[in-house]
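Residue-level structural notes
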Amino acid sequence: MAPLTPMRLTLNTPPAAAGLRWFQAGLREVIAQPLGYAGLFALFMFGALVLSMLPAVGGLLLLMAMPLLSLAFVMAAAGRQRELPVRAAVLLAPWRSGPIERRRRLFLLCLSYALAMTLMLWLAQVLDGGRFDAWVAMTAEGKGGSDEWVALAEDNAVMLGALARLVLGSLISLLYWHAPPLVQWADQGVAQALFSSALALWRGRAAFFVYNACWVLISVPVLLLQTIAPALGLLTLPLWLLLTTAFYASLYASFLDSFTATPD
């Protein structure tokens, strides 16, 4: 049963094989409702673009929206179990009903995520002296292969900046993995949701290793195609859209196996 009302949750320890099941569940969801999930993701990306253009607070609002994206996909997948179609309106569903205190907690969760990511990016810039951002900007401008680009690419500071963003960003994302639905469905506070999320991932670490390995393995051929045949870059966009939406659609399966829910 999809936990659409507040739930009392018990932590589980899913087996390693569950990771493959989550991966498959995400693909099945997107194949079953391709337009619904693609529309949900596209609408979020459009909103993210609008937010990013706002002066001063655009970057912060964009980061705050990221936990809402995962929550929207989890709620959409939960609705699918009740044979409801995937609608983009699920992005606003947490704010339309429920206790004000729950909405306040969700807002604080999003704010804490944005602040954590902002701090991480600031620390990474301190470590690399801004060189990583300069290298990314040159790459985006089509200056790859120039002497300056090569010099930056060979700079250890750029590698350090990339590594810091990867490791610290991944740790923050893992901490918030289950946190949005825990706030929405289990009425947990921000600190409790983060703790429960981290503990669930630790207890299910074997399953999450298999789960992430599946996504890496399926992404490698697409990356190789882009590398070997850059002219086909546009053709890989639908593949990336499929994989991205399937990843987010798989989050609900990982939530169900990580917690046992009983109505209050």
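What counts and what doesn't
- Residues numbered from 1 in each chain as written.
- Predicted model: local features only at pLDDT ≥ 70, side-chain atom pairs only at ≥ 80, totals over all residues.
- Heavy atoms only, no water.
- Helix = DSSP H or I, 4+ residues; strand = E, 2+ residues; numbered from the N terminus.
- Rg over C-alpha atoms; globule rule 2.2 N^0.38 Å.
- Buried < 20%, exposed > 50% of the residue type's maximum accessible area, 1.4 Å probe, protein only.
- Contact = heavy atoms within 4.5 Å.
- Areas by Shrake-Rupley, 256 points an atom, 1.4 Å probe, with all protein chains shown as cover.
- Lys, Arg positive; Asp, Glu negative; His and termini not counted.
- Charge placed at Lys NZ, Arg CZ, Asp CG, Glu CD.
- Salt bridge = Lys/Arg side-chain N within 4 Å of Asp/Glu carboxyl O.
- Core = buried A, V, L, I, M, F, W, Y, C linked by side-chain atoms within 4.5 Å.
- Patch = residues over 30% accessible without salt bridge, like charges linked within 9 Å, V, L, I, M, F, W, Y side chains within 5 Å.
- Expected span 1.5 Å × (residues − 1).
- Arc of directions from axis to C-beta.
- Phe/Tyr/Trp six-rings, centres within 6.5 Å; stacked < 30°, edge-to-face > 60°.
- Axes fitted to C-alpha atoms, helices over the stretch in contact; angles between N-to-C directions.
- Parallel < 35°, antiparallel > 145°, perpendicular 65-115°, else oblique.
- Left-handed = near helix turned anticlockwise from the far one by under 90°.

Across its full length, the chain carries 13 helices and 2 strands. Its C-alpha atoms give the chain a radius of gyration of 19 Å, near enough to 18 Å, the size a compact globule of 264 residues would have. Each of the 264 residues in the chain was classed as buried or not, and the buried ones make up 38%. For the chain, contacts bridging at least 24 residues in sequence account for 76% of all contacts bridging at least 6. For the chain, the exposed area adds up to about 14,000 Å²; of that, 71% sits on carbon and sulfur atoms. One finds the centroid of the 16 positive side-chain charges in the chain at a distance of 15 Å from the centroid of its 13 negative side-chain charges.

Mapped onto the secondary structure, Thr10 falls in strand S1 (residues 7–11). Remark: the alpha-carbon pair of Thr10 and Val167, spanning 157 residues in sequence, is separated by 29 Å. In contact with Thr10, not counting residues within four places along its chain, are Ser258, Phe259 and Thr260.

What follows concerns the pattern of salt bridges. Pairing is possible between side chains of opposite charge, provided their charged atoms come close. On inspection of all chains with the given rule, the structure shows 8 salt bridges. In this structure, the salt-bridge partner of Asp257 is Arg21, at a minimum N-O distance of 2.6 Å. In this pair, Asp257 is assigned in helix H13 (residues 251–258) and Arg21 in helix H1 (residues 17–32), connecting sequence segments 236 residues apart. Residue Asp133 pairs with Arg165 through a salt bridge whose shortest N-O separation is 3.4 Å.

Another aspect to go through is the nonpolar core. Judged by nonpolar contacts, the single largest core of 61 residues is most densely connected at Tyr37, Leu40, Phe73, Leu109 and Tyr211. Examining the composition of this core, we find that 13 residues originate from one element, helix H3 (residues 58–81), more than from any other.

The subject of this paragraph is a nonpolar patch on the surface. On the surface, Leu119, Trp122, Leu123, Val126, Leu127 and Leu160 cluster together into a nonpolar patch covering about 580 Å² of accessible area. A per-element tally of the nonpolar patch places helix H5 (residues 100–128) first, with 5 residues. In this structure, Trp122 sits in helix H5. For Trp122, a relative accessible area of 52% corresponds to the exposed category.

Looking now at the environment of Ala65. Within the secondary structure layout, Ala65 lies in helix H3. Its relative accessible area of 11% is what places Ala65 among the buried residues. The spacing of Ala65 and Ala198 is 133 residues in sequence and 20 Å in space, taken between C-alpha atoms. In this structure, Ala65 is in contact with Phe44 and Leu51, ignoring residues within four places of it in sequence.

This next bit is on helix H2 (residues 34–52). The end-to-end C-alpha separation of H2 is 27 Å, in line with the 27 Å expected for 19 residues at 1.5 Å each. Residues of H2 that are buried include every one of Gly36, Tyr37, Leu40, Phe41, Phe44 and Ala48, and no others. Down the axis of H2, the smallest arc covering the buried residues is 125°, so these residues share one side. Relative to its buried face, H2 has exposed residues pointing more than 90 degrees away, namely Leu35 and Phe46.

What describes a pair of aromatic rings is the distance from one ring centre to the other and the angle between the planes of the rings. Scanning the model with the defined rule gives 19 aromatic pairs in all. A centroid spacing of 6.1 Å and a plane angle of 75° characterise the contact between Trp185 and Tyr252, whose relative ring orientation is edge-to-face. Note that Trp185 is positioned in helix H9 (residues 179–186) and Tyr252 in helix H13, a separation of 67 residues in sequence. With respect to class, Trp185 is no different from Tyr252; both count as buried.

So, about the packing of H3 against H5. Relative to each other, H3 and H5 sit at 125°, their axes nearing to 8 Å. As the angle between them shows, H3 and H5 are arranged oblique. For the pair H3 and H5, the crossing hand works out as right-handed. The residues of H5 that touch H3, namely those facing Leu60, Leu63, Met64, Met66, Pro67, Leu68 and Leu71, are Leu106, Phe107, Cys110, Leu111, Tyr113, Ala114, Leu115, Met117 and Thr118.

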